[in-house]
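Structural characterization, general
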Amino acid sequence: MKINFRKIAKSIPALIALSASMASHAATPDVDGEGNWLINNAGYTFDASVSDEFNQAGQWQTPDTTKWNRYHPTGWLGNNSFTYSNSLAYTHQGNLVLEARQGDFFGDKHTTGIVSSKQAFKYGYFEVRAKAANNNIASSFWFFNRNNANGEQYEIDVYEHFPYEGWNDQTKSKSNIHHFVWTQQTGNVDQIPNYNYAAQLENGGVNTDWHTYGVMRTPAGIYFYVDGKKVRTIWKSAVNAADYPGDVDMPVILDILVYDWQSGDNEPRQERSYYHVDYFRAWR
C-alpha cells in the first residue's frame, strides 16, 4: 500500500481546524434538562470575534487589547480594601491570570487584577472555564452597567466565589442579580435584595478543580449553568420590569477583589492569590 504523505500533510490544517471547532462547541451545555439543544433552540452561533482562549504566545502577556480592557468599565479603582492594577491581569501558559497581592502594593490592603470586555452584551450564551483563587477572596464572572445620567446600576453575577465563607464555601457557586439606585440621602440601595442563590457543585471545589460556568440570556429569562447542567433560572416575569437586568447591554467583567466588609478572619490571608480562566466563549 502506497501512502501519500503529501496528501496527509495537506489535510492536517483542516483536521486541526475541525478539531478546534468541535472542541469549542462541545464545551457548551448540551441540554436544558428536557433534551433540547440550547444553542440551536436559541438561534445563537459561536462568536469568535469576542471569544478568547487566552493562548497568546509567550508568558505573562497583556490580554488581547482588541477584546479586553484591564480596568473597570466605569473607571472605578476599588474601595478601602483594594485597588485594581492593570499589571495584575495577564495571560500565562494558556490562561488568563488575575492576581491579588496583599500589602501596600499601591497604598491599600490589597491590589488586584481585572479585565472587562470592550464589547457590551445582551442576549446570548456566555461561558468560562475557571478555577477560583485558593483564598478568602472574590473570584468573579459578572456583567455590569451603570447609567451615568442617573447613577442606576444593573448587574448579573454569574458567580462570586468565596471558598472559605460558610454561606458560599468552595463546594457552591453563588449567582445573583442587582439593580442599585443611588441617592444622596441613602447611597446605593439594591432594589432586588436577597436574590442570591448558591448552587451545590457535584464534582470538586471551585478552588481545587476546574469547572465550566455559563449563563444564557434570552428575552424570557436568565439561565445559569455549572459543568453543563442548568442550576438556576430567573424568569423575567418574576422580577419587577424596572429592576430586571437581563435586557440591559453590559460588558463582561472577570476580576478578583476584596470587599469592604472583609476584615479580621474574613480578610484574605495569603500574600498572593491567583484566579485562572482557561477561556471566555460567547454564542450570540
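The structure reproduced in this document is the subject of the present report. (Residues numbered from 1 in each chain as written. Predicted model: local features only at pLDDT ≥ 70, side-chain atom pairs only at ≥ 80, totals over all residues. Heavy atoms only, no water.)

**Topic: the packing of aromatic side chains**
So the rule is basically this: Aromatic pairs are defined between Phe, Tyr and Trp rings, using the six-membered ring for Trp, whenever the two ring centres lie within 6.5 Å; interplanar angles under 30 degrees are classed as stacked, those over 60 as edge-to-face, and all others as tilted. In this description a helix means any DSSP run of H or I spanning at least four residues, a strand means any run of E spanning at least two, and both kinds are numbered starting from the N terminus. Accessibility here uses a 1.4 Å probe with only protein chains present; expressed as a share of the type maximum, an area under 20% marks a residue as buried, one over 50% as exposed, and anything in between as partly exposed. Both a distance and an angle decide whether a charge sits over a ring: NZ of Lys or CZ of Arg must be within 6 Å of the ring centre and within 35 degrees of the ring normal.
Applying the stated criterion to the full structure yields 18 aromatic pairs. Geometrically, the ring pair formed by Tyr-125 and Tyr-225 is edge-to-face, given 5.9 Å between the ring centres and 80° between the ring planes. Of this pair, Tyr-125 sits in strand β8 (residues 124-131) while Tyr-225 sits in strand β17 (residues 221-226), and the two are 100 residues apart along the sequence. A relative accessible area of 0% means that Tyr-125 is categorised as buried. Ring centres 5.8 Å apart and planes at 35° place the aromatic pair Phe-162 and Tyr-259 in the tilted group. Pair noted here: Phe-162 is in the loop between β10 (153-161) and β11 (164-165) and Tyr-259 is in the loop between β19 (250-257) and β20 (272-283), with a separation of 97 residues, a long-range link. Owing to a relative accessible area of 2%, Phe-162 belongs among the buried residues under this scheme. By way of ring pairs, the aromatic residues Phe-54, Trp-68, Phe-121, Phe-126, Phe-141, Phe-143, Tyr-159, Tyr-213 and Phe-280 are connected into one cluster. The ring of Phe-143 has Arg-217 lying over it, and the distance from NZ or CZ to the ring centre is 5.0 Å. If you follow Arg-281 out to its NZ or CZ, it ends over the ring of Tyr-279, 3.6 Å from the centre.

**Notes on the pattern of salt bridges**
Selection criterion: Whenever Lys or Arg places a side-chain nitrogen within 4 Å of a carboxyl oxygen from Asp or Glu, that contact is recorded as a salt bridge.
The tally for this structure, following the rule as stated, stands at nine salt bridges. Put simply, Arg-272 and Glu-99 hold a salt bridge, and the shortest N to O gap is 3.5 Å. Pair noted here: Arg-272 is in strand β20 and Glu-99 is in strand β5 (residues 95-102), with a separation of 173 residues, a long-range link. Relative accessible area serves as the criterion here: at 45%, Arg-272 is assigned to the partly exposed category. Between Lys-229 and Glu-202 there is a salt bridge, and its shortest N-O distance comes to 3.3 Å. Of this pair, Lys-229 sits in strand β18 (residues 229-235) while Glu-202 sits in the loop between β15 (197-200) and β16 (211-217); the two residues are 27 residues apart in sequence, bridging distant segments of the chain. Look at Lys-229 and you get partly exposed, because its relative accessible area is 46%. Here the salt bridges share partners, and the residues they tie into one network are Glu-99, Arg-101 and Arg-272.

**So, the nonpolar core**
The cut-off we apply is this: By nonpolar core we mean a set of buried residues, namely Ala, Val, Leu, Ile, Met, Phe, Trp, Tyr and Cys, connected to one another through side-chain atoms within 4.5 Å. When checking whether two residues touch, look at their non-hydrogen atoms; a contact exists if any pair is within 4.5 Å.
Within the largest apolar cluster, 52 residues are counted, with the highest numbers of intra-cluster contacts made by Val-128, Phe-141, Phe-143, Leu-254, Tyr-275 and Phe-280. In terms of residue count, β19 provides more of this core than any other element does, six residues in total. The residues touching Phe-143, leaving out its near neighbours within four places in the chain, are Phe-121, Phe-126, Tyr-154, Glu-155, Ile-156, Val-158, Val-215, Arg-217, Met-250, Pro-251 and Val-252. Among the nonpolar cores identified, the runner-up in size contains six residues, and Tyr-125, Met-216, Tyr-223 and Trp-283 belong to it.

**Concerning unusual backbone geometry**
The backbone phi angle of Gln-93 is positive, close to 55°, even though this residue is not glycine. Tracing the chain through its elements places Gln-93 in the loop between β4 (89-92) and β5. Since its relative accessible area comes to 60%, Gln-93 is described here as exposed. One non-glycine residue with positive phi stands out, namely Asn-194, at about 60°. By secondary structure assignment, the location of Asn-194 is in the loop between β14 (187-190) and β15.

**Re the environment of Asp-247**
As a reminder of what qualifies: Pairing of N or O atoms within 3.5 Å defines a polar contact, subject to two protein rules: one partner must be a possible hydrogen donor and the other a possible acceptor, and residues neighboring in sequence count only if both atoms are side-chain atoms.
Within the secondary structure, Asp-247 is located in the loop between β18 and β19. For Asp-247 and Tyr-154, which are 93 residues apart along the polypeptide, the C-alpha to C-alpha distance reads 10.0 Å. For Asp-247, the residues in contact, after removing those within four places along its chain, are Lys-122, Tyr-123, Arg-217, Pro-219 and Lys-236. Of the polar contacts made by the side chain of Asp-247, one reaches the side chain of Lys-236; its length is 2.6 Å.

**Observations regarding the layout of surface pockets**
For clarity, the threshold we go by: A cavity here means a set of points on a 1 Å grid, drawn over the protein atoms and nothing else, where a 1.4 Å probe fits but cannot get out; a pocket is an open set with protein on both sides within 12 Å along at least five of seven lines, and a residue lines either one if it has an atom within 4 Å of a point. Grid points are joined across faces, edges and corners, and a volume is the space filled by probe spheres set on the points. Each residue receives one of three labels: charged for Asp, Glu, Lys and Arg, nonpolar for Ala, Val, Leu, Ile, Met, Phe, Trp, Tyr, Cys and Pro, and polar for the others, Gly being one of them.
Of the pockets and cavities examined, the largest pocket occupies roughly 590 Å³. Along the wall of the largest pocket there are 23 residues; nearest its centre are Glu-155, Glu-160, His-178, Phe-180 and Tyr-259. For the lining of the largest pocket, the secondary-structure elements that each account for two or more residues are β9 (138-146), β10 and β13 (172-183). Its residues assigned to classes, the lining of the largest pocket shows 10 nonpolar, seven polar and six charged.

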